[in-house]
Amino acid sequence: MASEMAVVFLLLSVLLMRSSPVSSQGLQVGFYDSNCPDAEDIVRSTVEQYYNRDATVAPALLRLHFHDCFVQGCDASVLISGPSSERTAPQNTGLRGFEVIDDAKSQLEAVCPGVVSCADILALAARDSVDLTGGPSWSVQLGRRDGRVSSASGASALPSPADPVAVQKQKFAAQGLSDKDLVTLVGAHTIGQTECQFFSYRLSNFTATGNPDPSISQAFLPQLRALCPLNGDPRRTVALDRDSPDAFDVSFFKNVRDGNAVLESDQRLWSDAATQAVVQKYAGNIRGLFGLRFNYEFPRAMVSEDGRRRGQDRRAGRGPEALLQDQLNCS
């Protein structure tokens with residue numbers, strides 16, 4: 001199992017109200033209400049079924065959606081198999097959850113064939129994954145078309161665990177996302193996991209000095225070394241949030257503040273004035289005020305990212321029955 005980094009990682013318009021079919025940039029809340037009214041319920045029940053068997057599927061599905069949206073929009077191109085597809089790129093090592101999307105798609109094909117896109121299933125599954133882990137929910141605008149082109153080279157746009165803050169900012173800005181969006185969406189690491197191979201270099205010979213990364217707290221360093229000993233299994237998984245790895249909460253931001261972040265890219269958010277200010281707001285604990293604020297800002301950032309990187313929306317004045325172009329199996 002590889003990094004469950006919601007690399008963001010990726011995805012401010014106003015949080016949409018579920019009761020009102022709001023449309024934006026061609027997509028619409030309730031897009032399938034007349035053509036496949038059980039679509040969202042089917043996706044939710046499928047995600048919940050897999051989650052009940054293995055809770056780590058939640059961050060996996062969230063990461064899958066992020067990595068899709070960061071490359072040529074939210075068009076499900078990350079699901080396409082092939083020798084040079086996005087899935088084969090090093091940045092997408094360890095992506096998983098494909099079977100959940102395929103299962104949901106198969107069930108949807110049985111009741112409303114050719115209607116619901118794999119891209120919409122991905123977006124719904126990401127939302128449901130956050131909700132199932134105790135995070136916020138939001139209304140997902142639907143009506144995407146699935147992409148037909150998938151190239152490994154496109155994955156170069158994805159952030160890396162070793163990226164300094166300046167590079168992270170550049171990559172997010174290229175997607176039309178602000179510094180606040182960057183920190184907010186990286187907050188998805190509150191339910192993520194990663195492998196030792198993605199951060200073990202921080203533990204003993206950081207930047208070839210023979211010493212550990214000085215930004216790691218002295219209390220946390222021995223814990224990380226115990227989890228990922230020198231010459232240990234590089235594929236051993238470690239929670240990105242040491243305190244509440246299965247709960248979508250603000251604990252991740254407190255870890256960044258206190259020098260307890262696992263990934264270098266996460267810890268570096270504290271070294272930059274702009275990103276540190278956002279981390280500090282989310283890490284505050286005044287009667288849970290800032291925890292609730294994160295629960296409000298995360299859906300906004302998700303709507304913002306998804307709204308800017310739609311891929312191919314498929315309204316164009318027509319309903320889903322007019323565009324039966326989706327793959328039977330998403331992958």
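Note that residues are indexed from 1 along each chain, following the sequence as it is written. Per-residue local features of the predicted model are confined to residues with pLDDT of at least 70, and side-chain atom pairs are confined, for both listing and counting, to 80 or more; whole-chain, interface and lining totals are unaffected and use all residues. Water and hydrogen atoms play no part in the side-chain values, which are based on all heavy atoms of the structure.

The name recorded for the chain in an unreviewed UniProt entry is Peroxidase, from Eleusine coracana subsp. coracana. Regarding the chain, the relevant UniProt record gives this comment under Catalytic activity (unreviewed entry): "2 a phenolic donor + H2O2 = 2 a phenolic radical donor + 2 H2O". UniProt positions are given in the numbering used here, feature names are shortened, and annotations may be inferred rather than shown by experiment. Among the UniProt annotations of the chain, the heading Function (unreviewed entry) holds the following wording: "Removal of H(2)O(2), oxidation of toxic reductants, biosynthesis and degradation of lignin, suberization, auxin catabolism, response to environmental stresses such as wounding, pathogen attack and oxidative stress."

For Ala 76, which is not a glycine, the phi torsion comes out positive at approximately 65°. Going along the chain from the N terminus, every DSSP run of H or I of four or more residues is numbered as a helix, and every run of E of two or more is numbered as a strand. You can see Ala 76 is positioned in the loop between helix 2 (57–69) and helix 3 (98–111). Among the residues examined, Ala 76 registers a relative accessible area of 1% and is labelled buried. One non-glycine residue, Thr 207, lies in positive phi territory at about 50°. Accessibility here uses a 1.4 Å probe with only protein chains present; expressed as a share of the type maximum, an area under 20% marks a residue as buried, one over 50% as exposed, and anything in between as partly exposed.

This part covers the environment of Trp 270. Mapped onto the secondary structure, Trp 270 falls in the loop between helix 9 (264–267) and helix 10 (273–283). In sequence terms Trp 270 and Phe 253 are 17 residues apart; their C-alpha atoms lie 9.5 Å from each other. Note on contacts: a residue pair qualifies if any of its non-hydrogen atoms lie within 4.5 Å across the two residues. Contact partners of Trp 270, with chain neighbours within four places excluded, come to Val 256, Arg 257, Gln 276, Val 279 and Gln 280.

We call a pair of cysteine sulfur atoms a disulfide whenever their separation is within 2.5 Å. Taken as a whole and judged by the stated rule, the model has four disulfides. Residue pairing for Cys 69: its cysteine sulfur links by disulfide to Cys 74, the two sulfurs lying 2.1 Å apart. Since a negative S-S torsion denotes a left-handed disulfide, the Cys 69-Cys 74 link at about 120° is right-handed. Here the two residues Cys 69 and Cys 74 agree in accessibility, since each one is buried. The disulfide that involves Cys 196 links it to Cys 228, with 1.9 Å between the sulfurs. Disulfide Cys 196 to Cys 228: torsion about the S-S bond roughly -75°, handedness left-handed. Here Cys 228 lies in the loop between helix 7 (221–227) and strand 5 (237–239) and Cys 196 lies in the loop between strand 4 (193–195) and helix 7, a separation of 32 residues in the sequence. The same class applies to Cys 196 as to Cys 228, namely buried.

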